[in-house]
Amino acid sequence: MDWQALRLSLLLAVATTVLLLPVSIFAGRWMAESSFRGKILLEAAIATPLVLPPTVIGYYLLVGMGAHSPLGAGFSELFGRPLVFNFSGLLIASVLVNLPFAIQPAQRAFESIPQDVRDAAQCCGMSFWRSLWAVDLPLAWPGVLTGLTLSFAHTLGEFGVVLMVGGAIPGETKTVSIAIYDQVQSLNFEGAGSMSLLLLLISLGLLVFVNLLGRYAGRLHAYRNV
Amino acid sequence: MPVDSMPTAMSELLVRLQQESPIPMDAELRCTGGQLLALVGPSGSGKTTLLRALAGLVQPKHGVISCGGETWFDSAAGHYLPARKRRVGYVPQHFALFPHLDVLHNVMSGMLHRAPETRVAAAHDLLERVNLAGLESRKPGQLSGGQQQRVAVARALAREPQVLLLDEPFSAVDHATRERLYGELAMLKQSLSMPMVMVTHDLREAMLLADEMCVLHRGRTLQTDKPLELVARPVSADVARLIGIRNIYHGEIAGHVPDLECTQLRFGAAMLKTPYRPELIPGSRVQWVIPSDGVVFHRRDRPSHTERENQLQGIVDTVHKLGEITRLAVRMDDEDRSLLWLDVPSHLARRNEIAVGVTATVSLTVAAIHIIDSTS
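Thresholds applied
All residue numbers here refer to positions counted from 1 along the written sequence of the relevant chain. Written order decides the labels, with chains lettered from A and ligands numbered from 1. In keeping with the model being predicted, local features are shown solely for residues with a pLDDT of at least 70 and side-chain atom pairs are shown and tallied solely at 80 or more, while totals for entire chains, interfaces and linings include all residues. Helical segments are the DSSP runs of H or I of at least four residues, strand segments are the runs of E of at least two, and each set is numbered from the N terminus. Any residue with 12 or fewer other C-beta atoms within 10 Å of its own C-beta is exposed, any with 20 or more is buried, and the rest are partly exposed; the C-beta atoms used are placed from the backbone. The contact rule is simple: place each C-beta atom from the backbone, and if two of them lie within 7 Å, those residues are in contact. We call Asp, Glu, Lys and Arg charged. Ala, Val, Leu, Ile, Met, Phe, Trp, Tyr, Cys and Pro are nonpolar, and the rest, Gly among them, are polar. pLDDT is a residue-level measure of predictor confidence that goes from 0 to 100. Each axis is a line fitted through C-alpha atoms, taken for helices only over the stretch in contact, and angles between the N-to-C directions span 0 to 180 degrees. In these notes the angle categories are as follows: under 35 degrees is roughly parallel, over 145 is roughly antiparallel, 65 to 115 is roughly perpendicular, and the rest is oblique. Working rule for handedness: look at the near helix, and if it is turned counterclockwise from the far one by less than a right angle, call the crossing left-handed; if clockwise, right-handed. Core membership is restricted to buried Ala, Val, Leu, Ile, Met, Phe, Trp, Tyr and Cys residues, and these are joined into a nonpolar core through C-beta atoms within 7 Å. Strands qualify as paired when DSSP identifies two bridges or more between them. To estimate how far a helix should extend, the number of its residues minus one is multiplied by 1.5 Å.

Right, let's get into the overall build of chain B. Secondary structure assignment for chain B yields 9 helices and 21 strands. Overall size of chain B, expressed as C-alpha extent along the three principal axes, is 75 × 50 × 40 Å. Per-residue burial for chain B yields a buried fraction of 40% across its 376 residues. A separation of at least 24 residues holds for 65% of the contacts in chain B among residues at least 6 apart in sequence.

Structure below.
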């Protein structure tokens, strides 16, 4: 078991999830409530990481954050180190790749709040923030949490993008999925097996949790069908 | 007089709105404090859109909305108050209770303008007023439709609104509950001093509860009047149709008889006596209406005492048995070969052996005939 890689993976997953929390709430709510020209295009753009090969995403991120890109050059100027092949670059890549996992379930959850309930909140005199806190989040949190759980699970298992953007620098960018690959390459099937089993169990547990959330969300709105 | 140039009394709602799109609207409303104005019209006539505009949930293109001396919307001045800044009590069609909050907290949600320490007691008071004391800790999912409606009304009143807006408030409850809630709303209405606007497509509901009734069609307010007045004197054939009058005909003004205080109307071969309207020009073609309860059926075995009042004969064309009443259509012999609709008790229809093809004699009550003055 490569504990260092596991710790790095968990750190990356937690940091990604924390950064995606406000993104999923605000982007999800905004996408649910607004209709504008180009919304379909924006939704498709957010969903792209679901269908593109990770190597292709990794390639674009590598180019976009490389030393010759404005972002990479700016980062290097500010912090004195490159953005790619270190943890910061990996975190940015991870957040971008997980946008659809975080935003889509949150958007669906906000969309499931009936328009007249939102209207009622406004007619009660609630401001944007109060309505978000007192009505929208209590009704949509299972969707938000589902998105964050999926992002967490997905980050733990991400391989292609991590390899492209981060390489496999121990303690910096070598995550558990890359450690498994390395173990197999060096024919250490026992080490690869124990880490794979751990990832399998974590993923399975998280998906059971997501399904339970889905059932709970169904009950939250149930009274309207009585 | 356009509504915005009328003097504004305190606790009065004045509305004048126009727009072409996305939903056409051309509406003028006035509702004084303590009055209930029913907006009636078929589905898609823009009733709910108009109500949402009053609430501040949609912004119309042009016009003015003022309430209680406060201007909520004035397109010319570029002034628009969003819903959360208007003191509006809004009861949506399906009540829109907050499903995650119990009854007490649903009601307290409407009390953000009050000091926090006063909210619980005020919510208890309101729940008592709508007969829901004891159900404070229930969630909306544990309430019947009627109870949900009362929570929605309590939440709307919790806002201490300047206007109460009710969108089809009885459509989501069963028939028996609805009858009971009519009584409760009528009682509650007496204790309220703000203007109330209720959207409904149910004319009976509007007749029962409203002080004023406004007929809306394709976003346009066609006529506003007291319910009985509106049914007795629709300003146009469209209004008559929209409020369910089926007996709409063409005729010709034959002349006036000032001594008898009546105007004579030629309808086919018949000469009908109608209420005296000297402003109508003899010889002019007009439309006229009579509600079906203004038509009296003559027993076939014994003539009725109203036999001399506008007696007409025709052939029964349609017989619809609707439980205790039977709806008949009698074919007249005017140039349009019109149908005259009337309801008779089903036992009477049976005893008189009314069937399609038999000859029927009816009288048109003079006072119930209304000639539509197309020049007004």
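Continuing now.
Turning next to the overall build of chain A. If you tally the helices and strands in chain A, you get 11 helices and 0 strands. Put simply, chain A runs from its N terminus to its C terminus through helices and strands in the order α-α-α-α-α-α-α-α-α-α-α. Considered along the principal axes of its C-alpha atoms, chain A spans approximately 65 × 40 × 25 Å. At a minimum sequence separation of 6, the contacts of chain A that also span at least 24 residues come to 77%.

Looking now at the interface of chain A and chain B. Listed per partner, the contact involves 20 residues of chain A and 19 residues of chain B. In terms of residue count, the dominant contributor to the side of chain A that touches chain B is helix α7 (residues 115–123) of chain A (6 residues). Here the side of chain A that touches chain B is built from residues that sort into 13 nonpolar, 4 polar and 3 charged.

All names here are of chain B. Across the junction of Ser-21 and Pro-22, the peptide omega takes the value 0 degrees, indicating a cis bond. Topologically, Pro-22 is positioned in the loop between β1 (12–19) and β2 (25–32). Unusually for a residue other than glycine, Glu-160 sits at a positive phi of about 45 degrees. When you line up the elements, Glu-160 lands in the loop between α4 (145–158) and β8 (163–167). In this structure, Arg-218 is a non-glycine residue whose phi angle is positive, near 50 degrees.

Moving on to the confidence of the model for chain A. On average, chain A scores 89 in pLDDT, and the residues at 70 or more come to 97%. Mean pLDDT across the secondary structure elements of chain A bottoms out at helix α9 (residues 160–166) of chain A, with 84, and peaks at helix α6 (residues 99–111) of chain A, with 95.

Turning our eyes to something else, we now look at helix α10 (residues 176–185) of chain A. All names here are of chain A. The set of residues buried in α10 consists of Val-176, Ser-177, Ile-178, Ala-179, Ile-180 and Gln-183. On the buried face of α10, the contacting elements are α1 (3–33), α8 (128–157), α9 and α11 (189–220). Positioned one or two residues after α10, Leu-187 has a phi angle of 60 degrees, which is positive.

Residues and elements named next belong to chain A. Where α6 contacts α8, the two axes come as close as 7 Å, and the packing angle between them is 160 degrees. In terms of orientation, α6 lies roughly antiparallel with respect to α8. Note that α6 runs across α8; the crossing there is right-handed. For the pair α6 and α8, the contacting residues are Phe-101, Ala-102, Ile-103, Gln-104, Pro-105, Ala-106, Arg-108, Ala-109 and Phe-110 in the first and Asp-136, Ala-140, Pro-142, Gly-143, Val-144, Thr-146, Gly-147, Leu-148, Leu-150, Ser-151 and His-154 in the second. Broken down by class, the residue content of the contact of α6 with α8 amounts to 12 nonpolar, 6 polar and 2 charged.

Counting 151 residues, the largest nonpolar core has Ala-38 and Leu-165 of chain B as the members making the most contacts within it. Considering every element that reaches this core, the biggest residue donor is α8 of chain A, with 11 residues. Sequence-distant contacts of Ala-38 of chain B, defined by excluding residues within four places in its chain, comprise Met-198, Thr-200, Ala-206, Leu-209, Ala-210, Met-213 and Cys-214 of chain B.

All names here are of chain B. Two strands pair when backbone bridges link them, and β1 and strand β4 (residues 62–67) are joined in this way by 6 bridges, in the antiparallel orientation. Bridge assignment links Gln-18 to a residue of β4, and that residue is His-62. In this structure, the hairpin formed by β4 and strand β5 (residues 70–74) is closed by a connection of 2 residues, where Gly-68 is found at a positive phi of approximately 55 degrees.

Our next topic: helix α5 (residues 175–190) of chain B. With 16 residues, α5 of chain B should cover 22 Å at 1.5 Å per step; its first-to-last C-alpha distance of 23 Å lies within 8% of that length. Within α5 of chain B, only 1 of the 16 residues are buried, which leaves it mostly out in the open.

Below, the discussion takes up the environment of Gly-145 of chain B. Residue and element names in this part refer to chain B. Looking at the secondary structure, you find Gly-145 in helix α4. C-alpha separation for the pair Gly-145 and His-94, spaced 51 residues apart in sequence, amounts to 9.1 Å. Apart from the residues within four sequence positions on either side, Gly-145 is in contact with Ala-172, Val-173, Asp-174 and Thr-177.

Turning our attention to the sheet that holds strand β19 (residues 339–345) of chain B. Residues and elements named next belong to chain B. The strand order β16-β20-β17-β18-β19 describes an open sheet built from 5 strands, whose pairing is antiparallel. Two strands lie at the open edges of the sheet, namely β16 (295–297) and β19, each paired on one side alone. Looking at each pair of strands side by side, their axes are set apart by 45 degrees on average, direction ignored. Note: strand β17 (residues 311–322) against strand β20 (residues 359–364), 5 bridges, orientation antiparallel. Each residue of the ladder has a partner; that of Gly-314, found in β20, is Ala-360.

All names here are of chain A. Packing of α1 against α8 brings their axes to within 9 Å, and their N-to-C directions diverge by 145 degrees. With respect to the hand of their crossing, α1 and α8 are arranged in right-handed fashion. Residues Ser-9, Leu-12, Ala-13, Thr-16, Thr-17, Leu-20, Leu-21, Ser-24, Ile-25, Gly-28 and Arg-29 of α1 form the contact with α8, whose own contacting residues are Asp-136, Val-144, Gly-147, Leu-148, Ser-151, Phe-152, Thr-155 and Leu-156. When its residues are assigned to classes, the contact of α1 with α8 shows 9 nonpolar, 8 polar and 2 charged.

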